[in-house]
Amino acid sequence: CFKCCQNFRPNPVVNPNAVTGSFVGRYKLAVLRYDPDSIDSYDEVSNFLNNDKAEVLKEKGSKAFTMEKVDNSNDYAHMHGLMGFFGGMRQTPPTIHFYKNHNGGKVGEADEEVSLRGFKREDIKDMLMTVLPS
């Protein structure tokens, strides 16, 4: 898909309207939000957390990239029977919230929110390495 998940790349073949480097250092903070109970359903995100997270943190720093565990469980998912079986399908996918400004860790509404459903591990790493400042 060249229209949504890879629009951050300054590649004229993938995104001909992008100015080279227009996304480099665009955001000051990225927060990866995920539900630890459902992260195993997202293999690529789980692999990123296990294999690439440390490299991104080392390169960009913990002030530019953080992770936040969220609880997406609800009563619907815990119901018994057929409704409970389908309740797991209503879990929200992991997301990255990007912020152009942040004051001492206090952030307001995200400037951009990216759902990581369908993203490959390498794409997540590449996106973070590109859009966050060094």
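Below: a short report on this structure. Just so it is clear, the structure is predicted and the values come from calculations on it, not from any experiment.

Overview of the overall build of the protein chain
Broken down by element type, the protein chain carries four helices and four strands. Each helix and strand of the protein chain, ordered N terminal to C terminal, gives the series β-α-α-β-α-β-β-α. Long-range pairs, those at least 24 residues apart, make up 66% of the contacts in the protein chain between residues at least 6 apart in sequence. Of the roughly 8400 Å² of accessible surface on the protein chain, 49% is carried by carbon and sulfur atoms.

Some words on the environment of Lys125
By secondary structure assignment, the location of Lys125 is in helix H4 (residues 121-131). Residues Lys125 and Lys53, 72 residues apart in the sequence, show an inter-C-alpha distance of 8.0 Å. With residues up to four places along the chain from it excluded, the contact list for Lys125 reads Phe48, Asp52, Glu55 and Val56.

Details of the environment of Glu109
Within the element layout of this structure, Glu109 appears in the loop between strand S3 (95-99) and strand S4 (112-115). Overall, Glu109 belongs to the exposed group, its relative accessible area being 75%. Separated by eleven residues in sequence, Glu109 and Phe98 have C-alpha atoms that sit 9.3 Å apart.

Concerning the sheet that holds strand S1 (residues 29-34)
One open sheet accounts for four strands, arranged S2-S1-S3-S4; its pairing is mixed. Strand pairing shows two members of the sheet lacking a second neighbour, strand S2 (65-69) and S4, which therefore form its edges. Pairs of neighbouring strands in the sheet enclose a mean axial angle of 20°, with direction left out of account. Bridge count between S1 and S2: five bridges; the pairing is parallel. Residue pairing for S2: Ala30 is matched across the bridge by Phe65. Relative to the sheet, H4 contacts S1, S2, S3 and S4, its axis offset from that of S3 by approximately 5°.

Some words on the pairing of S1
Among the six residues of S1, six are classified as buried, and the element is accordingly described as predominantly covered. Residue alternation in S1 divides its side chains into two sets, Leu29, Val31 and Arg33 and Ala30, Leu32 and Tyr34, and both sets are buried. Of the pairings in the sheet, the one linking S1 to S3 comprises five bridges and is antiparallel in character. Bridging across to S3, Leu29 finds its partner in Tyr99.

Quick word on the packing of helix H1 (residues 43-51) against H4
At a minimum axis separation of 8 Å, H1 and H4 run at an interaxial angle of 60°. For the element pair H1 / H4, the angle class is oblique. Regarding H1 and H4, the two cross each other, and that crossing is right-handed. Residues Glu44, Val45, Asn47, Phe48 and Asn51 of H1 pack against Arg121, Ile124, Lys125 and Leu128 of H4. Of the residues assigned to the contact of H1 with H4, the class counts are four nonpolar, two polar and three charged.

As for the packing of aromatic side chains
Here the structure, examined in full by the defined rule, presents two aromatic pairs. Measuring from ring centre to ring centre gives 6.2 Å for Phe48 and Phe65, while their planes differ by 75°; the resulting arrangement is edge-to-face. Residue Phe48 is located in helix H1, and its partner Phe65 is located in strand S2; the two are separated by 17 residues in the primary sequence. With a relative accessible area of 1%, Phe65 lands in the buried category.

The rules behind the values
Residues numbered from 1 in each chain as written. Predicted model: local features only at pLDDT ≥ 70, side-chain atom pairs only at ≥ 80, totals over all residues. Heavy atoms only, no water. Helix = DSSP H or I, 4+ residues; strand = E, 2+ residues; numbered from the N terminus. Contact = heavy atoms within 4.5 Å. Areas by Shrake-Rupley, 256 points an atom, 1.4 Å probe, with all protein chains shown as cover. Buried < 20%, exposed > 50% of the residue type's maximum accessible area, 1.4 Å probe, protein only. Pairing = 2+ DSSP bridges. Axes fitted to C-alpha atoms, helices over the stretch in contact; angles between N-to-C directions. Parallel < 35°, antiparallel > 145°, perpendicular 65-115°, else oblique. Left-handed = near helix turned anticlockwise from the far one by under 90°. Nonpolar A, V, L, I, M, F, W, Y, C, P; charged D, E, K, R; others polar. Phe/Tyr/Trp six-rings, centres within 6.5 Å; stacked < 30°, edge-to-face > 60°.

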